[in-house]
Amino acid sequence: SRKGELQAKIDSFKKGEYDILLGTQMVAKGLNFPSLRLVGVVSADTGLHLPDFRAAERTFALITQVAGSAGRFFPDGTVIVQSFAPSRQPIAYAVSGNIEQFYVEELKQRELLGFPPYSRLIRLVFRSATPHAAELAAQSAAHILHSAADSYATEHPHSAVHILGPAECPLAVINRSFRWQLLLRGKDMGALQAVCRTLVLHYKAPSNVYVETDVDPVGLL
């Protein structure tokens, strides 16, 4: 709740002033505790249910990262992972430390679904403090993008651009702003940029709507 409070708590735990540290994912991010012998991951599969094509990768990385904290200084360090889906590949491979197999299986899924690294993405986020304004703006933009993508496909049949959405962002409201998104997907970034260029030239967002553009986004939330 105060600036510097988190770092102060982490430093105190590292010095041994506390025996137990309970926190969100932030306590697993690049922290080093020499006296740590036991790590528990609660509801490890929660992240798998997020509508993001990197959900499995993030879950695997989180478990792998936090598990490393317990065994860094003690060979008998213990990690307990609690999950409702312990057989799901990201969790099973993370627990067994099978990095290579997870990599192979995850690439198969990405290729099957047409997500990076087998495609490129441009994400457009429409946000507004006015209810439904972002939704209407995203719908108007989607109409232009679909027409542009169809026209581009006619001239360049081997460079298809797929328009996904509009859809409400998984984190629908942030800082009192309502959020909707569109996703452009294709193998050729030049094609994605050409379709986006049509939107820039022929669309003007309402004054109460702000449009964010993210090329090759690292998250879709």
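Residues numbered from 1 in each chain as written. Predicted model: local features only at pLDDT ≥ 70, side-chain atom pairs only at ≥ 80, totals over all residues. Heavy atoms only, no water.

K.L.:
So what's going on with the pattern of salt bridges? Which residues, and what values?
P.N.:
For the structure on display, the rule yields 6 salt bridges. When the shortest N-O distance is used, the salt bridge between K9 and E5 registers 3.9 Å. Here K9 and its partner E5 are both found in helix α1 (residues 5-14), 4 residues apart, which amounts to about one turn of the helix. Classification of E5 as partly exposed rests on a relative accessible area of 21%. Salt bridges sharing partners connect three or more residues here, namely E57, E106 and R110. (Salt bridge = Lys/Arg side-chain N within 4 Å of Asp/Glu carboxyl O. Helix = DSSP H or I, 4+ residues; strand = E, 2+ residues; numbered from the N terminus. Buried < 20%, exposed > 50% of the residue type's maximum accessible area, 1.4 Å probe, protein only.)

K.L.:
Can you break down unusual backbone geometry residue by residue, with the values?
P.N.:
For the bond running from P116 to P117, omega is 10 degrees, close enough to zero to count as cis. Secondary-structure assignment places P117 in the loop between α4 (99-113) and β3 (120-128). A cis amide bond links G165 with the next residue in sequence, P166, at an omega value of 10 degrees. If you trace the backbone, P166 turns up in strand β4 (residues 162-174). With a phi close to 75 degrees, H132 is a non-glycine residue in the positive phi region.

K.L.:
Summarise the packing of aromatic side chains; cite the residues concerned and give the values.
P.N.:
Taken as a whole, this structure holds 2 aromatic pairs when the rule is applied. Between the aromatic rings of F53 and F115, the centroid separation amounts to 4.9 Å while the plane-to-plane angle is 5 degrees, which identifies the pairing as stacked. Placement of F53 in the loop between β1 (38-41) and α2 (55-70) and of F115 in the loop between α4 and β3 is noted, with a sequence separation of 62 residues between them. Judged on exposure class, the residue F53 and its partner F115 are both buried. Centre to centre, the rings of F60 and F102 are 4.2 Å apart; their planes meet at 5 degrees, and the pair counts as stacked. Remark: F102 occurs in helix α4 and F60 occurs in helix α2; sequence separation between them is 42 residues. The pair formed by F60 and F102 is uniform in burial state, with each residue classed as buried. (Phe/Tyr/Trp six-rings, centres within 6.5 Å; stacked < 30°, edge-to-face > 60°.)

K.L.:
How would you sum up helix α5 (residues 133-155)? Please name residues and give values.
P.N.:
With 23 residues, α5 should cover 33 Å at 1.5 Å per step; its first-to-last C-alpha distance of 34 Å lies within 8% of that length. The set of residues buried in α5 consists of A133, A134, A137, A138, A141, A142, I144, L145, A148, A149 and Y152. (Expected span 1.5 Å × (residues − 1).)

K.L.:
Describe the sheet that holds β3, listing the residues and the values that go with them.
P.N.:
Either a parallel or an antiparallel arrangement is found when strands of a sheet pair, and the pairing is made through backbone hydrogen bonds. Pairing is antiparallel in the open sheet, where 4 strands are placed in the order β4-β5-β3-β6. Both outer strands of the open sheet, β4 and β6 (210-215), are each paired with one neighbouring strand and no more. When strand polarity is set aside, the average angle formed by the axes of neighbouring strands in this sheet is 20 degrees. Examined bridge by bridge, β3 and strand β5 (residues 177-186) share 9 bridges and lie antiparallel to one another. Bridged to R120 within β5 is G186. The sheet contacts of α5 involve β3, β4 and β5, and relative to β5 the element is tilted by about 15 degrees. (Pairing = 2+ DSSP bridges. Axes fitted to C-alpha atoms, helices over the stretch in contact; angles between N-to-C directions. Contact = heavy atoms within 4.5 Å.)

K.L.:
How would you sum up the side chain of S83? Please name residues and give values.
P.N.:
Mapped onto the elements of the fold, S83 is located in the loop between β2 (78-81) and α3 (89-96). At a separation of 2.7 Å, a polar atom in the side chain of S83 contacts the side chain of D45. In this structure the side chain of S83 is engaged in a polar contact, spanning 2.8 Å, whose partner is the backbone nitrogen of A85. Beyond its immediate sequence surroundings of up to four residues, S83 is in contact with A44, D45 and I91. (Polar contact = N/O pair within 3.5 Å; in protein donor to acceptor, adjacent residues only side chain to side chain.)

K.L.:
Tell me what's going on with the nonpolar core, and back it up with residues and numbers.
P.N.:
Formed by 28 residues in total, the largest nonpolar core has its most connected members in L124, F126, L145, V161, L182 and L184. Discounting residues that sit within four places of it in the chain, L182 has contacts with I122, R123, L124, F126, A138, A141, A142, L145, I163, L164, G165 and P166. The next biggest cluster of nonpolar side chains, apart from the first, holds 19 residues, and it includes F33, V39, L62 and A94. (Core = buried A, V, L, I, M, F, W, Y, C linked by side-chain atoms within 4.5 Å.)

K.L.:
Explain the pairing of β1 to me, using residue names and the numbers behind them.
P.N.:
Here β1 shows one buried face, formed by V39 and V41, and one open face, formed by L38 and G40. In the sheet, β1 pairs with β2 via 4 bridges, with the strands oriented parallel. Counterpart to L38 in the pairing with β2 is T78.

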